[in-house]
Amino acid sequence: MAVPYAELTFGGWYLRGGLGTLADALLTRCLDLGVVVQTGTTVTRIDAAGGRVTGVRLAGAAAPAPADVVVANVDALTVYRDLLPSPRRLAGLTDRSLAGFVLLLGVAGDSGLAHHNVFFPGDHDAEFDAVFGDPGRGVRARPAVDPTVFVTVADDPMVRPDGHEAWFVLVNAARHGTATSAVDWRRPGLAEAYADRILDVLAERGVDVRDRLLFREIRTPADLDAATGAPGGTIYGTAGGLLRPANRGPAHGLFLVGGSSHPGGGLPMVTLSAQIVAEEIGPAW
Ligand SMILES: Cc1cc2nc3c(=O)[nH]c(=O)nc-3n(C[C@H](O)[C@H](O)[C@H](O)COP(=O)(O)OP(=O)(O)OC[C@H]3O[C@@H](n4cnc5c(N)ncnc54)[C@H](O)[C@@H]3O)c2cc1C
């Protein structure tokens with residue numbers, strides 16, 4: 001109920017040009033403060049000795065990069081399982097959380113939709129039964145035939161030419177993988193067929209854009225995994241339930257931040273976790 005409360009009380013706010021402008025603004029602020037930002041570089045390991053972090057290893061670099069403090073916003077599961085010198089298990093880390101199937105549509109004309117639109121299915125339970133499957137009974141996860149469809153259409157000339165619309169379409173989806181609770185989104189033809197199905201669902205619910213499409217781009221959970229390192233393309237982190245991994249990591253000087261750690265996923269929570277980590281680091285270093 002916190003989200004409807006905040007929206008009704010304080011209103012919904014939109015960044016002209018889209019959310020990417022927030023990242024641009026953060027980058028500008030960091031550069032102004034003298035931060036050196038290095039993108040396109042994979043951290044392959046977090047080094048620790050004697051219970052405290054000593055730095056990180058970068059792919060392709062001859063020598064480790066030394067550091068007193070390491071703040072990781074990779075998924076907590078990846079930090080604990082893959083990046084620390086010896087893999088660790090953390091209670092509550094599961095691999096069954098939700099991913100998303102995304103369509104980015106260029107649409108000709110005016111659909112008359114609101115900024116945010118939710119098209120509900122007849123049977124919500126059936127949707128989630130499909131998305132999560134039932135591994136205990138051997139029932140595989142699968143793309144929901146009749147899912148909830150979230151459509152965002154920003155009335156913003158910075159994101160579309162006149163007389164056109166830029167649609168962001170999101171559908172709950174099983175994470176990518178080969179386990180019973182996952183879907184192999186790289187299966188040939190699956191993504192295209194499911195994109196067609198989503199457009200059919202929208203048409204069935206009264207909004208048919210199939211003959212007004214200028215282009216469509218598909219982002220499956222497998223694509224999200226590849227782009228962000230979130231295992232299986234999970235949107236809300238791999239930790240199940242409300243108790244997220246703590247912001248203090250298992251070695252002194254290691255901090256976890258972002259959607260998979262405390263307090264949780266979504267940009268407001270991610271920013272709060274950054275604030276918590278900044279305050280934790282502040283007095284100690
Ligand atoms: C389709 C979709 C829709 C969403 N909708 C909303 C919404 O409406 N509202 C909302 O609030 N939130 C939404 N979210 C969630 C929100 O995007 C996330 O909670 C947030 O981006 C998490 O931020 P983060 O910094 O933890 O991780 P990310 O934004 O995933 O950033 C992690 C970064 O780490 C990099 N990385 C990964 N591994 C390594 C490595 N080994 N070395 C170096 N770099 C690495 C990745 O490339 C990436 O840049 C949505 C997410 C998705 C996928």
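Since we're looking at a predicted model, the values are computed, not measured.

Cut-offs used in this document
- Residues numbered from 1 in each chain as written.
- Predicted model: local features only at pLDDT ≥ 70, side-chain atom pairs only at ≥ 80, totals over all residues.
- Near = placed C-beta within 6 Å.
- Helix = DSSP H or I, 4+ residues; strand = E, 2+ residues; numbered from the N terminus.
- Domains from an automatic or database assignment.
- Pairing = 2+ DSSP bridges.
- Axes fitted to C-alpha atoms, helices over the stretch in contact; angles between N-to-C directions.
- Contact = placed C-beta atoms within 7 Å.
- Nonpolar A, V, L, I, M, F, W, Y, C, P; charged D, E, K, R; others polar.

1. Notes on the site of the ligand
Reasoning step 1: What surrounds the ligand is a group of 19 residues, the closest being Thr228, Gly229, Gly258, Gly259 and Gly266.
Reasoning step 2: When residues of the shell around the ligand are traced back to their parent elements, those giving at least two are strand S5 (99-108), helix H6 (221-228) and helix H7 (267-284).
Reasoning step 3: For the shell around the ligand, the leading source of residues is H7, giving 3 residues.
Reasoning step 4: When we break the shell around the ligand down by domain, the ones giving at least three residues each are domain 1 (14-93 + 239-284) and domain 2 (99-233).

2. Notes on the sheet that holds strand S3 (residues 65-66)
Hydrogen bonds between backbone atoms are what pair the strands of a sheet, whose relative direction is either parallel or antiparallel.
Reasoning step 1: The strand order across the open sheet built from 3 strands is S1-S2-S3, with neighbouring strands paired in antiparallel fashion. Here the strands that pair on one side only, and so sit at the sheet edges, are strand S1 (43-49) and S3.

3. Digging into the sheet that holds strand S9 (residues 213-219)
Reasoning step 1: Sheet architecture is open: 5 strands sit in the order S6-S7-S8-S5-S9, paired in antiparallel fashion. Each end of this open sheet is capped by a strand with a single partner; those strands are strand S6 (116-119) and S9. Averaged over all neighbouring strand pairs, the angle between strand axes comes to 20°, with direction disregarded.
Reasoning step 2: Where strand S7 (residues 149-153) meets strand S8 (residues 164-173), 5 bridges bridge the pair, whose relative direction is antiparallel. Considered in S8, the bridge of valine 149 is made with valine 171.

4. Some words on the domain arrangement of the chain
Reasoning step 1: What the domain assignment reports for the chain is domain 1 (14-93 + 239-284) and domain 2 (99-233).
Reasoning step 2: Centre-to-centre separation of domain 1 and domain 2, based on C-alpha positions: 29 Å.
Reasoning step 3: Tallying the contact residues gives 8 residues for domain 1 and 8 residues for domain 2.
Reasoning step 4: Of the residues contributing to the side of domain 1 that touches domain 2, the split by class is 3 nonpolar, 3 polar and 2 charged.

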